[in-house]
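What the coordinates show
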Amino acid sequence: MSHRIDYMKIAPDAMKGFVAVYGYLGQSGLDKHLIDLVFLRVSQINGCAFCIDMHSQDMHKHGVPFEKLILTGAWRESGEVFSQREKAALAWAESVALVADTGVPDADYDAAVAEFSDKELADLSTAIALMSAFNRMGVAFRNKPVTASGLARAA
């Protein structure tokens, strides 16, 4: 794997914008665990190892059950592990993150608005868009997962 630029150092002002949106989400009123769950699922969809690692670690530290972490990618088949609200958020996250494939159909929108207020849905969609942007940067510039780096040093 070739070395790629450190975009955080090269374009700090652009990254400040991402961080500002992240800060907004933290005070938006959406449950932090729900936001983190959506961040994890979007990162899984986009194949961003750095973000999958980071959000899994954060969720674990904040007491999210192991079952939720391990079953996020298969949430539809996981029975009652996820609440109805979490399932609705995950379904919306998948539809929006895969917009080129899904077109975000009316049925997906209708299911989301049945569970979330207009502001909550706007904020949830902002979280999905933000994580998709972070994922694209992480994948494009090959951010290494922190846990994987630690494991490699321990081996």
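Points about the overall build of the chain
Along the chain, the regular secondary structure elements total 10 helices and zero strands. N-terminal to C-terminal, the α/β element order of the chain is α-α-α-α-α-α-α-α-α-α. For 155 residues, the compact-globule formula gives about 15 Å, and the C-alpha radius of gyration of the chain, at 16 Å, lands near that figure. Along the first, second and third principal axes, the C-alpha set of the chain runs to 45 × 35 × 30 Å. Among the 155 residues that make up the chain, the fraction classed as buried is 34%. Here the contacts in the chain between residues at least 6 apart in sequence split such that 67% fall between residues at least 24 apart. Here the chain has roughly 8,700 Å² of accessible surface; of this, 61% comes from carbon and sulfur atoms. Averaging the coordinates of the 15 positive side-chain charges in the chain and doing the same for the 19 negative ones gives two points 11 Å apart.

Some remarks on the nonpolar core
Ranked by internal contacts, the top residues of the largest apolar core, which has 23 residues, are Val38, Phe39, Val42, Phe116, Leu124 and Ile128. Of all elements in the fold, only α3 (32-46), α6 (84-97) and α9 (118-140) reach the threshold of two or more residues within this core. Sorting elements by how many residues they give to this core places α9 first, with seven residues. Dropping the residues within four chain positions of it, Phe116 is found in contact with Leu34, Arg85, Ala88, Ala89, Leu121 and Leu124. With eight residues, the next largest nonpolar core counts Leu37, Leu40, Leu69 and Leu90 among its residues.

Some points on unusual backbone geometry
Although it is not a glycine, Val104 sits at a positive phi angle of roughly 45°. Looking at the element boundaries, Val104 is found in the loop between α7 (99-102) and α8 (106-113).

Concerning the confidence of the model for the chain
When pLDDT is averaged across the chain, the result is 92; 94% of the residues are at 70 or more. Summarising per-element confidence for the chain, the mean pLDDT is lowest in helix α10 (residues 146-154) (60) and highest in α6 (98).

Regarding the state of the cysteines
Tallied over the entire structure, the rule returns zero disulfides. Cys51 provides the cysteine sulfur closest to Cys48, a residue in no disulfide bond, and the two sulfurs are 3.5 Å apart. A residue is classified by how much of its surface remains accessible, and Cys48, at 1% relative accessible area, is buried. Classification of Cys51 by relative accessible area gives buried; the value is 5%.

Some details on the packing of aromatic side chains
With the rule as written, the count across this model stands at four aromatic pairs. On the basis of an interplanar angle of 85° and a centroid distance of 5.0 Å, the ring pair of Phe18 and Phe134 is categorised as edge-to-face. Of this pair, Phe18 sits in helix α2 (residues 12-26) while Phe134 sits in helix α9; the two residues are 116 residues apart in sequence, bridging distant segments of the chain. For Phe134, a relative accessible area of 17% gives the class buried.

Comments concerning the layout of surface pockets
Estimates place the volume of the largest pocket at around 260 Å³. Forming the walls of the largest pocket are 13 residues, and the residues nearest its centre are Met8, Phe50, Cys51, Met54 and Phe134. Counting residues per element, the ones that place at least two in the lining of the largest pocket are α1 (7-10), α2, α4 (49-61) and α9. It is α4 that contributes the most residues to the lining of the largest pocket, five residues altogether. Residues of the lining of the largest pocket, tallied by class, amount to nine nonpolar, three polar and one charged.

Definitions and limits used
- Residues numbered from 1 in each chain as written.
- Predicted model: local features only at pLDDT ≥ 70, side-chain atom pairs only at ≥ 80, totals over all residues.
- Heavy atoms only, no water.
- Helix = DSSP H or I, 4+ residues; strand = E, 2+ residues; numbered from the N terminus.
- Rg over C-alpha atoms; globule rule 2.2 N^0.38 Å.
- Buried < 20%, exposed > 50% of the residue type's maximum accessible area, 1.4 Å probe, protein only.
- Contact = heavy atoms within 4.5 Å.
- Areas by Shrake-Rupley, 256 points an atom, 1.4 Å probe, with all protein chains shown as cover.
- Lys, Arg positive; Asp, Glu negative; His and termini not counted.
- Charge placed at Lys NZ, Arg CZ, Asp CG, Glu CD.
- Core = buried A, V, L, I, M, F, W, Y, C linked by side-chain atoms within 4.5 Å.
- pLDDT = per-residue confidence, 0-100.
- Disulfide = S-S within 2.5 Å.
- Phe/Tyr/Trp six-rings, centres within 6.5 Å; stacked < 30°, edge-to-face > 60°.
- 1 Å grid on protein atoms, 1.4 Å probe; cavity = no way out; pocket = protein on both sides within 12 Å on 5 of 7 lines; lining within 4 Å.
- Points joined across faces, edges and corners; volume = space filled by probe spheres on them.
- Nonpolar A, V, L, I, M, F, W, Y, C, P; charged D, E, K, R; others polar.

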